[in-house]
Number of protein chains: 2
Amino acid sequence: MKTINYKNFHSNQEVAAEELKNHIGEVVQIHGSIYKIRHMSGFAFVLLRTGSAVIQCVYSEEEADFSLEAIPEESCVRFTALVAAEERSRSGYELHLREVTVLSVPEETVPVVINQKQVNTSLENLLNYRPITLRNEKERAVFRIQAVICEAFRAFLISEKFTEIHTPKIVAAGAEGGANIFKLPYFDKEAYLAQSPQFYKQMMVGVFERVFEIAPVFRAEKHDTSRHLNEYTSVDFEMGYIESFEEIMTMESRMLQFTFAYLTEHSAAELALLNCRLPKLHEPPQIRFSEAKQWISQAYHRPITDTTDFEPEEERLLCELVQKETGSEFVFVTHYPSSKRPFYAMENPENPSETLSFDLLFRGLEITTGGQRIHSYPAQVEKLLRRGMHPELFESYLMMHKYGMPPHGGLGLGLERFTARLLGFENVRSTTLFPRDIHRLVP
Amino acid sequence: MKTINYKNFHSNQEVAAEELKNHIGEVVQIHGSIYKIRHMSGFAFVLLRTGSAVIQCVYSEEEADFSLEAIPEESCVRFTALVAAEERSRSGYELHLREVTVLSVPEETVPVVINQKQVNTSLENLLNYRPITLRNEKERAVFRIQAVICEAFRAFLISEKFTEIHTPKIVAAGAEGGANIFKLPYFDKEAYLAQSPQFYKQMMVGVFERVFEIAPVFRAEKHDTSRHLNEYTSVDFEMGYIESFEEIMTMESRMLQFTFAYLTEHSAAELALLNCRLPKLHEPPQIRFSEAKQWISQAYHRPITDTTDFEPEEERLLCELVQKETGSEFVFVTHYPSSKRPFYAMENPENPSETLSFDLLFRGLEITTGGQRIHSYPAQVEKLLRRGMHPELFESYLMMHKYGMPPHGGLGLGLERFTARLLGFENVRSTTLFPRDIHRLVP
């Protein structure tokens, strides 16, 4: 039997991209992919793509002991190179290539140009070649930022004493109702894919008081729009012992403030690359749904055709109005009509036709739905019956109500939508690694 | 329009459980559930369950302005109480109750006793009443520890420059082969639930070099054993530019070491409650699969019936042998036969009948499978053909190989299995929040 010796590997002097600036004047080893070769007169620029950066290298026949022929674009290599100070380089240095170890060479040239500032092709094509187009510097920056967003969300929620949970995605009943649910055979039974972790996160409030989950949810949306996906990443939290549903909005505002500060600190390079301007979020305005409807109608001379919901255009117009009036790119819309909210939503005791709920709109689009939930057993049973639903089908859900629950509420935020709004993409597919829609199941 | 005032809520002087020790001699407010009431002569002990602790309170008619009748067990309350020093209490203090605000009372008494040291009932019953039985102090400690394990895994991987990814769970083809895959109708197509993020995490190595994901995976296992689930949480990472598959084992060993140190720091109370002894993990031994087979056979006089795989009993016996010989509760088994590994596994160039792969066994059970992957396009196509598979069905997967990939590999670790081994549970259902098996789809 051998034992692992931690010092055994990489006898090499390899240096990470971020540390190169501390090695000016030294010969180092570094690995990466050949992103681009630009032939100049008498030498060539070679751009090396590492896990986190693109590094300018200089190839000349005098200095290098190999031929450029050996390393077509998208080859994977290990270079030995001199780190030379160079004022004209963005980083302040460049690498003078000396030796190469070729680790792999591609079988074919990429079918889409990926090493320009951006990939100039249709969204369709961008997604068809996703495993390759993601290698573009800007494309991958989107998903590095998305990873840091999740990191920030978790750091904030953990600091606020939320406990992370992992709830099942194969379920016996849909939490959100409606027809947009995927069905699957489950041995001798029928099962569904979870539309949200709603039931489970509520149950876990009875256990941990505050919980969160960042995980996939599934919606069998039949419409092919720029804002719907059939599978997306939902950021869910749920908190107990609230005195008002406004506490949930405050928690979300603080989470987003924390996240923007975190991004400024950890993702400055990627934000700059994408020309992203982070929004300010101090005291986000809130407006009642019914008042918002009136305001939009008056301001834009639009008749109100649906009193129970927004049209997408109305969300856009409301954000326009709010920004004009307050400067805020966020707005909380509160007190949505009961008829449009699920059976677990708590009604306003002063006006049962509306709920203690909210949406958060950001730059024209809804990114969060949240609210207070019913915690009393008789009240929840009564509401189910009132809706013509069957409490006996929700036995395991109602268990928590029956045996005692604190006042509580929470929200769900669509990670891909939020990323799209933040980075200024019109289509939510642009900020989804491998999107699923009614037409797309690969890659 | 109103704006949110962050100071608006909780005018109260509420104190979190962890801060009580700094308020001895003061009157505070605190909220929680009534976990247990123990009547003594002339007074009562009231145990208050908060999000993170169980706090001893003392009720007496002289000090309190309310009746205990008002707060049956599992009521949710807000207490006003004096924090009094008390040597006989584990925490060094207790609360003398003065006033109560009752936030909710349960409709019925819980059908399973949850406020004893442990819930004394069958596993079946424990799971049937999961939303309630999780309120038991020990039950919930399991999942608090699980949350901290994930926190540690992520902290380690991020520090090692792994980028978090979110890959689709509805897929067009299974990555792991075999019959244990869930099928579902996807509009006019047929789709599957992902058995692992294998294809996608490999693709993302071409983008970020190092990636990880902690997310659900789905296996249509028909056997009802103590170690199989139909849905579990897979901790996956994948890394590029490796020189040997042993680097993956080193990375995992370091991740586990980091995690044990992190748990010691952040979960001491829960580990003590569960009597959990963390394993030592210095230089985990490694042994070739074929040698391990021989060793077990000789040591226990067992004939080798299957030369390509372990029986569960053999995994147990191997761990026993390794611990006797080295003191280690972990063992890496390496070089599994090619016939038992998936089509993407890289074969040992010195002996193509075995792969550059490993399993990690911990306390008698496999908790991780990993290895180096094929990165060359011709080699991968050739292996698919050799297995009678059709490369044209894997076009989007093979795209990365065709356009250049570094040598790479990675692993998957079952979160629930790992937690079970760590905390000494025989059945993986005990460490799954809401398990899914061939018989169980609720709660």
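Residues numbered from 1 in each chain as written. Chains lettered and ligands numbered in written order. Predicted model: local features only at pLDDT ≥ 70, side-chain atom pairs only at ≥ 80, totals over all residues.

> Explain the pairing of strand S9 (residues 183–186) of chain A to me, and be specific about the residues and the numbers.
Residue and element names in this part refer to chain A. The pairing of S9 with strand S10 (residues 189–193) spans four bridges and is antiparallel. The residue of S10 that forms the bridge with Leu 184 is Ala 191. Between S9 and S10, which pair antiparallel and follow one another directly, the connecting turn spans two residues, one of which, Phe 187, has a positive phi of 55°. (Pairing = 2+ DSSP bridges. Helix = DSSP H or I, 4+ residues; strand = E, 2+ residues; numbered from the N terminus.)

> Please provide a residue-by-residue account of the relation of the copies chain B and chain A, values included.
When chain B is fitted onto chain A, the two copies agree to an RMSD of 0.0 Å after a turn of 180° and an axial shift of 0.0 Å. When the rotation and shift are considered jointly, the pair of chain copies conforms to a two-fold rotation axis. Distance from the rotation axis, computed per C-alpha, reaches its smallest value in chain B at Leu 184 of chain B: 2.4 Å. In this assembly the copies share their binding face: 100% of the residues contributing to the interface of chain B also contribute to that of chain A. (Least-squares fit on C-alpha atoms with pLDDT ≥ 70 in both. Contact = placed C-beta atoms within 7 Å.)

> Go over the sheet that holds strand S3 (residues 44–49) of chain A, please, and point to the residues and values.
Residue and element names in this part refer to chain A. Read around the barrel, five strands follow the order S2-S3-S4-S6-S5 and close on themselves; strand pairing throughout is mixed. Averaged over all neighbouring strand pairs, the angle between strand axes comes to 55°, with direction disregarded. As defined by bridge partners, strand S2 (residues 27–39) adjoins strand S5 (residues 76–85) across seven bridges and the pair is classed as antiparallel. The residue bridging Gly 32 from the neighbouring strand is Val 77, located in S5. (Axes fitted to C-alpha atoms, helices over the stretch in contact; angles between N-to-C directions.)

> Any details on the interface of chain B and chain A? Residues and values, ideally.
Of the residues lining the interface, 94 residues belong to chain B; the matching set on chain A comes to 95 residues. A per-element tally of the side of chain B that touches chain A places helix H3 (residues 137–159) of chain B first, with six residues. In terms of residue class, the side of chain B that touches chain A is built from 50 nonpolar, 23 polar and 21 charged. (Nonpolar A, V, L, I, M, F, W, Y, C, P; charged D, E, K, R; others polar.)

> Mind laying out the environment of Glu 252 of chain A, listing which residues take part and the relevant values?
Residues and elements named next belong to chain A. Summarising the element assignment, Glu 252 is placed in helix H5 (residues 246–266). For the pair Glu 252 and Leu 157, spaced 95 residues apart in sequence, the C-alpha to C-alpha distance is 9.8 Å. Contact partners of Glu 252, with chain neighbours within four places excluded, come to Leu 360, Thr 368 and Leu 411.

> Help me get a handle on the confidence of the model for chain A, residues and values and all.
Of the residues in chain A, 97% have a pLDDT of 70 or more, and the chain-wide mean is 95. A low-confidence stretch, residues 5–11 of chain A stays under pLDDT 50, and its non-local contacts, those more than four residues away or across chains, total eight contacts. (pLDDT = per-residue confidence, 0-100.)

> Residue-level account of the environment of Thr 431 of chain A, with values.
For Thr 431 of chain A, the position within the fold is in the segment after helix H11 (415–423). Setting aside chain neighbours within four positions, we find Thr 431 of chain A in contact with Val 142, Gln 146, Glu 416, Thr 419, Ala 420, Leu 423 and Phe 425 of chain A.

> Could you give me a rundown of the sheet that holds S9 of chain A, with the residues and numbers involved?
On the basis of which strands lie adjacent, the open sheet formed by three strands has the order S8-S10-S9 (chain A) and antiparallel pairing. Each of the sheet's edge strands pairs with one partner strand only, and the pair in question is strand S8 (170–171) and S9 of chain A.

> An account of the pairing of strand S4 (residues 54–59) of chain A is needed here, citing residue identities and associated values.
All names here are of chain A. Alignment of S3 against S4, held across six bridges, turns out to be antiparallel. Its bridge partner being in S4, Leu 47 is matched across the sheet by Gln 56. In this structure, S4 lies alongside strand S6 (residues 93–104), joined through two bridges in parallel fashion. In the sheet register, Cys 57 faces S6, and the bridge partner there is Leu 95.

> Quick rundown of helix H4 (residues 198–208) of chain A? Include the residues and the values.
All names here are of chain A. Of all eleven residues in H4, eleven are buried; the element is thus mostly enclosed. Taken residue by residue, H4 has Gln 198, Phe 199, Tyr 200, Lys 201, Gln 202, Met 203, Met 204, Val 205, Gly 206, Val 207 and Phe 208 as its buried positions. Of the residues flanking the end of H4, it is Glu 209, one or two places downstream, whose phi is positive at about 75°. (Buried ≥ 20, exposed ≤ 12 C-beta atoms within 10 Å, placed from the backbone.)

> Can you explain unusual backbone geometry? Please cite residues and give values.
Omega for the peptide link from Val 442 of chain A to Pro 443 of chain A comes to -10°, which places this bond in the cis form. Within the fold, Pro 443 of chain A resides in the segment after H11. We note that His 335 of chain A has phi near 60°; this positive angle belongs to a residue other than glycine. Positive phi, normally seen in glycine, also occurs at Tyr 241 of chain B, with a value near 60°. Here Tyr 241 of chain B is to be found in the loop between strand S12 (231–240) and helix H5 (246–266). Tyr 241 of chain B sits in the buried class, given 22 other C-beta atoms within 10 Å.

> Give me the nonpolar core: which residues, what numbers.
Residues Cys 57, Phe 79, Leu 97 and Val 331 of chain A together with Val 331 of chain B are the most contacted members of the largest nonpolar core, which totals 215 residues. Leaving out residues up to four positions away in the same chain, Phe 79 of chain A has contacts with Gln 29, Ile 30, Leu 48, Cys 57, Leu 95, Leu 97 and Val 100 of chain A. Of all hydrophobic cores here, the second largest spans 21 residues; its members include Ile 71, Val 77, Tyr 93 and Leu 95 of chain B. (Core = buried A, V, L, I, M, F, W, Y, C linked by C-beta atoms within 7 Å.)

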